[in-house]
Amino acid sequence: MDRRKFLKKGVATVIGVSATGFAGLSSAARADLKDELGDTVTSYSAITSYNNFYEFSTNKTEVKELSADFKTYPWSIKVDGLVKNPGIFDLDDIRRGFDKVERVYRMRCVEAWSMVIPWEGIALSELLKKVEPTSDARYVRFVSLYDKNRMPGQKSGSFPWPYVEGLTMDEARHPLTLLATGIDGKPLKPQNGAPVRLVVPWKYGFKSIKSIVKIELVKEKPQSLWMQSGPSEYGFYANVNPNVSHPRWSQASERRIGDFLRRKTLMFNGYGKQVSSLYKGLDLKRNF
Ligand code: MTE
């Protein structure tokens, strides 16, 4: 990774990846793959077996098995609201209709664990360009599938389903923000949010909503599932911030899955150079 280039352009570029991308990497080359801070990539088995996906289970190690038969084809995403060209995009439209991007990003969960993941997908900004948001559009609202028969965790009634998340227009258009369709050059597994999920690496992992069926451009700030179910603990911005504790635990450090020792958590998860300008004038102590 050319760190200067990364910082200057404000986008992640990965060097050393073969022409076939992450899919073409040998296991030795994968083990050498690093993000722009030099952090090594988390093992594929950990990425795909330690998951938060409450629609299946609140137990991270159960999600893989419970989601194994989740059918993600056919699938379509409705993009509408305050746009000039609303549309319905299926998985092939997303994979073939836009430039493919591959990025190695750190993911920091609000529960204070983290991973480094080689994502494949498209820039959300490209999809937004296609639907042409109107000047009234101020936020993007994302909705996950709601189907109790296919997602057993939704039968519990402990959460206000469906899972909903939101971004400001600037956050959604930021070059770091992805709609991911794969990990390690392989299609996303159900447990990771197949077939399409959001990835916003400077925010706590819960913003990266899985198995998206709807993207709506709206005027008002969206109410996420977490804002509704835990308003004193989870806010709209949810930028990674080591200086603001969760009401029940510190956010100053994190456990990188696969590491023995904890490490310090970085402001904006280490992406401050690229994103801090989005938050000028915002009280970061309050923007949890
Ligand atoms: N999206 C949906 N629809 N449902 C969820 O329960 N969990 C979130 C996020 N996206 C979640 C979701 C949380 S808390 C985290 S940390 C990440 O997904 C975990 O992603 P991973 O399991 O692929 O590591």
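One can find the structure itself at the top, above this paragraph.
A short tour of the structure in this document, coming up. Just so you know, these numbers come straight off a predicted model, no measurement behind them.

## As for the layout of surface pockets
Here is step 1 of the chain: Put simply, the largest pocket is a space of about 430 Å³.
Here is step 2 of the chain: Taken together, 28 residues line the largest pocket, and the ones lying closest to its centre are Asn52, Phe53, Tyr163, Gly205 and Phe206.
Here is step 3 of the chain: No other element matches the 4 residues that strand β4 (residues 113-123) contributes to the lining of the largest pocket.
Here is step 4 of the chain: Class assignment of the residues belonging to the lining of the largest pocket gives a composition of 17 nonpolar, 7 polar and 4 charged.

## So, the packing of aromatic side chains
Here is step 1 of the chain: Counted according to the given criterion, the structure contains 17 aromatic pairs.
Here is step 2 of the chain: Plain terms: the ring middles of Phe53 and Phe56 are 5.0 Å apart, the flat faces sit at 80° to each other, and that makes the pair edge-to-face. When sorted by exposure, Phe53 lands in the same class as Phe56, which is buried.
Here is step 3 of the chain: Put simply, the rings of Tyr54, Phe159, Trp161, Phe206, Trp226 and Tyr234 touch in pairs and so form one group of aromatic residues.
Here is step 4 of the chain: Sitting over the face of the ring of Phe98, Lys130 holds its NZ or CZ atom 4.8 Å from the ring centroid.

## Some words on the site of the ligand
Here is step 1 of the chain: The environment of the ligand is formed by 17 residues, the closest being Tyr54, Glu55, Arg197, Ser208 and Lys210.
Here is step 2 of the chain: For the ligand, a nitrogen atom lies 3.0 Å from a polar atom in the side chain of Ser144.
Here is step 3 of the chain: Side-chain polar atom of Lys210 to an oxygen atom of the ligand: 2.7 Å apart, as the coordinates give it.
Here is step 4 of the chain: Against a free-state accessible area of 540 Å², the protein chains account for coverage of 98% of the ligand.
Here is step 5 of the chain: At a threshold of 2 Å from the grid points, most atoms of the ligand map onto the largest pocket.
Here is step 6 of the chain: Looking at side-chain class alone, the shell around the ligand contains 7 nonpolar, 7 polar and 3 charged residues.

Analysis parameters
- Residues numbered from 1 in each chain as written.
- Predicted model: local features only at pLDDT ≥ 70, side-chain atom pairs only at ≥ 80, totals over all residues.
- Heavy atoms only, no water.
- 1 Å grid on protein atoms, 1.4 Å probe; cavity = no way out; pocket = protein on both sides within 12 Å on 5 of 7 lines; lining within 4 Å.
- Points joined across faces, edges and corners; volume = space filled by probe spheres on them.
- Helix = DSSP H or I, 4+ residues; strand = E, 2+ residues; numbered from the N terminus.
- Nonpolar A, V, L, I, M, F, W, Y, C, P; charged D, E, K, R; others polar.
- Phe/Tyr/Trp six-rings, centres within 6.5 Å; stacked < 30°, edge-to-face > 60°.
- Buried < 20%, exposed > 50% of the residue type's maximum accessible area, 1.4 Å probe, protein only.
- Lys NZ or Arg CZ within 6 Å of the ring centre and 35° of its normal.
- Near = heavy atom within 4 Å.
- Polar contact = N/O pair within 3.5 Å; in protein donor to acceptor, adjacent residues only side chain to side chain.
- Areas by Shrake-Rupley, 256 points an atom, 1.4 Å probe, with all protein chains shown as cover.
- Sits in = over half its atoms within 2 Å of the grid points.

Keep in mind that these numbers describe shape and distance, not what the molecule does.
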